[in-house]
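Residue-level listing of the chains:
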Amino acid sequence: MPYNLLKGKRGIITGALDENSIAWKVAEKAYEEGATFVLTNAPIAMRMGEINKLAEKTNSKIIPADATSVEDLTKLFTESQEVLGGKLDFVLHSIGMSVNIRKKIPYTESNYEFFQKGIDVSALSFHKMLAVAKKLDAINEWGSVVALTYMAAQRTYPFYTDMADIKAMLESIARSFGYHYGLDKKVRINTVSQSPTKTTAGTGIKGFGDFFDYANAIAPLGNATAEDCANYCITLFSDLTRMVTMQNLFHDGGYSSTGVSGIVLEKMGLEG
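In this report, we go over the structure that sits alongside the text. (Residues numbered from 1 in each chain as written. Predicted model: local features only at pLDDT ≥ 70, side-chain atom pairs only at ≥ 80, totals over all residues. Heavy atoms only, no water.)

**Digging into the overall build of the protein chain**
What counts here: Per the convention used, a helix needs a DSSP run of H or I reaching at least four residues, while a strand needs a run of E reaching at least two, with both numbered from the N terminus. Two things to know: the radius of gyration comes from C-alpha atoms, and the globule rule equals 2.2 Å times the number of residues to the power 0.38. With a 1.4 Å probe rolled over the protein chains alone, any residue whose accessible area is under 20% of its type maximum counts as buried; one over 50% counts as exposed, and the rest are partly exposed. Residue contacts are counted whenever heavy atoms from the two residues lie within 4.5 Å of one another. Each accessible area is a Shrake-Rupley estimate made with a 1.4 Å probe; only the visible protein chains count as cover when residues are assessed. The charge count includes Lys and Arg as positive and Asp and Glu as negative, but it does not include His or the ends of the chains. In plain terms, the charge of a residue is placed at NZ if it is Lys, CZ if Arg, CG if Asp and CD if Glu.
Helix and strand counts for the protein chain stand at 10 helices and seven strands. Computed over its C-alpha atoms, the radius of gyration of the protein chain comes to 18 Å, within 12% of the 19 Å expected for a compact globule of 272 residues. Its C-alpha atoms give the protein chain principal-axis dimensions of about 60 × 45 × 40 Å. Counting across all 272 residues of the protein chain, residues that qualify as buried make up 53%. The long-range fraction of contacts in the protein chain, counting pairs at least 24 apart against all pairs at least 6 apart in sequence, stands at 76%. In the structure as shown, the protein chain presents an accessible area of about 13,100 Å², 53% of it carried by carbon and sulfur atoms. Considering the protein chain, the positive charge centre built from 28 side chains and the negative charge centre built from 30 side chains are found 4 Å apart.

Following this line, the structure appears as structure tokens:
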């Protein structure tokens, strides 16, 4: 049952590609909680996805934007305020892409042109988004910006290749920009480090199924679902977390704090 945590709040949600995506779940939950928002994604991604269906379900307008383009982002933030009738209260950055992973290129043999593309799309886009919002003064005081990340930014996961470095950069941007935006406008900026999740992007990573099961066996609460993550993001958009900023917040059922799991030891034939 909705609590109306976001009643009267306005925002932008990026990255809602299909019903399996976390951004899609965030949009559904934000709508349930009383928010109005604009949906956006790159034009090519929108052609591949089902964003029109989500827009109809949540009574939202779609504004296409390439997150690597300052011009597109300026148009996005300007038009969003016009459509929604005022400054924004929340923004979700749910954008991630690695050409090296898609092409199954080993980390030690990374194609640097692909690497730079991944940085631009998945991390630098966050800085550009924040810089445009700040320049336009598009976010209300005590507004909240959340970007989705993964623990490979802190620990090595061989299959995550260059995206691990890119996510580390994303988290650093959240801290650095969070300081300046917080000081000037009281805007909060955080990253949410989510469990391995069965999204379209996640399941495209080689060996994802096995790792999903492994993480689920490590985490005392099991893996957090996309719906769980959406709920968490809603709390970060709400006024209940007004003093939380510049944090990387683990949302993974306790996986990141668990050293040894009895379940995994038993599966290895060792004593738990």
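**What to know about the nonpolar core**
Using the following cut-off: Joining through side-chain atoms within 4.5 Å is the link that ties buried Ala, Val, Leu, Ile, Met, Phe, Trp, Tyr and Cys residues into a set, and such a set is a nonpolar core.
Ranked by size, the top nonpolar core spans 49 residues in total, and within it Phe77, Phe126 and Ile189 carry the most contacts. Secondary-structure elements contributing two or more residues to this core are α4 (70–84), β4 (88–93), α5 (99–102), α6 (112–136), β5 (139–149), α7 (161–185) and α8 (208–218). Contact partners of Ile189, with chain neighbours within four places excluded, come to Phe126, Leu130, Val145, Ala174, Phe177, Gly178, Tyr181, Thr245, Met246 and Gln247. If you look at the next biggest cluster of nonpolar residues, it comprises 29 residues, including Ala16, Val26, Leu92 and Leu236.

**Points about empty space enclosed by the protein**
By rolling a water-sized probe across the atoms, one finds the places where empty space is left. Threshold: Using protein atoms alone on a 1 Å grid, points that fit a 1.4 Å probe yet trap it form a cavity, whereas open point sets bounded by protein on both sides within 12 Å along at least five of seven lines form a pocket; residues with an atom within 4 Å of a point count as lining. Grid points are joined across faces, edges and corners, and a volume is the space filled by probe spheres set on the points. In this classification, the charged set is Asp, Glu, Lys and Arg, the nonpolar set is Ala, Val, Leu, Ile, Met, Phe, Trp, Tyr, Cys and Pro, and all remaining amino acids, among them Gly, are polar.
In total, this model carries one cavity of 30 Å³ or more according to the counting rule given. Estimated volume of the largest cavity: approximately 30 Å³. A breakdown of the residues in the lining of the largest cavity according to their chemical character gives five nonpolar, three polar and one charged.

**What to know about helix α3 (residues 51–58)**
To keep things clear, this is the line we draw: The directions considered for the arc run from the helix axis to the C-beta atoms.
Turning to α3, its buried residues number three or more, namely Ile51, Leu54, Ala55 and Thr58. Down the axis, α3 shows its buried residues gathered within 100° of arc, on one side only. Looking at α3, the residues exposed on the side facing more than 90 degrees away from the buried face are Asn52, Glu56 and Lys57. Once α3 finishes, Asn59 follows within two positions and takes phi at roughly 55°, a positive value.

Note that all results are geometric; they support no functional claim without further evidence.
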